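# Topology and contacts: notes
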Amino acid sequence: PKGAINRAPTRSSNRQRLLAKVRNFWITGVLEHSLYGAALITLGLREQAEAVASPWRLIVQQPGLTPQRLPAGTSITQAYDDAGGELLILGEPGSGKTTLLLELARDLLDRAEKSDTYPMPVVFNLSSWAATRQPITSWLIDELNSKYQAPRKMAQGWVESDQILPLLDGFDEVTPAARADCLDAINAFRQEHGLLPTVVCSRNADYFAQKIPIQLSSAVMAVSYTHLTLPTILRV
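Residues numbered from 1 in each chain as written. Predicted model: local features only at pLDDT ≥ 70, side-chain atom pairs only at ≥ 80, totals over all residues. Heavy atoms only, no water.

### Remarks on the overall build of the protein chain
In terms of helices and strands, the protein chain carries seven helices and eight strands. A total of 236 residues make up the protein chain; the buried ones form 46% of that total. Considering only residue pairs separated by 6 or more positions, the protein chain has 81% of its internal contacts joining residues 24 or more positions apart. (Helix = DSSP H or I, 4+ residues; strand = E, 2+ residues; numbered from the N terminus. Buried < 20%, exposed > 50% of the residue type's maximum accessible area, 1.4 Å probe, protein only. Contact = heavy atoms within 4.5 Å.)

### Here we look at the nonpolar core
Most often, soluble globular proteins keep nonpolar side chains buried together rather than apart. Among the nonpolar cores identified, the biggest contains 65 residues, and L18, L88, F124, L144, Y148, I164 and I214 are the most heavily contacted of them. In terms of residue count, helix α3 (residues 97-114) provides more of this core than any other element does, eight residues in total. The contact partners of I164, leaving out residues within four places of it in the chain, are L18, M120, V122, F124, L144, W158, V159 and L196. (Core = buried A, V, L, I, M, F, W, Y, C linked by side-chain atoms within 4.5 Å.)

### Some details on helix α5 (residues 152-160)
Residues spaced three or four apart along an α-helix face the same direction, because each turn holds 3.6 residues. Considered for burial, the residues of α5 that qualify are A155, W158 and V159. Along the axis of α5, the buried positions cluster into a sector of 95°, meaning they face one direction only. The positive-phi residue at the C-terminal boundary of α5 is D162, with phi of around 60°. (Arc of directions from axis to C-beta.)

The following block contains the structure:
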């Protein structure tokens, strides 16, 4: 009717709602809750150049290199920026790799909330991929719809136009029989969306058991220590 107020959600408000869902669940609900009352541990990172299939790297790593400590205070977000937004995070069980992924998500959410042109960082757990073994694009759309309640048409538009920055946790939680196919699906997604920042997180053994490396530019290994000191990062 004439004079009625248009209450349809705007593109910006839908975007902010998704960012709020990601922050409320993963940062407030998981990261901050898991760190509440916990003793500080030192999380180190070592570069694992041999773990990825960078198209620019002919010689991936020389053996016998000694880990070199980066400047104090270097963060996982700095490692992500140095990698151009293409990063594989590896670690032993309990090494803090998912904590690092969520710390990165928190910083990327800050960026996305300040700029409408920055892709929306969303955490996805790959454990559900094996149920359907879809192309990653289709799976991301389904996950946005089922986990974040984004309307399917909207989710499809976001994914296909590279407005979603996928943070893929739990490659090691994919059933063993499906891991090779999952890695193939991620690499196929990278072929179609290679300019989109992408982060994947996995336990060491489950990733290195695969015959084909992931198509990302850089990889880091999370290393935990028992000292009650501030985080540091190591690079090989």
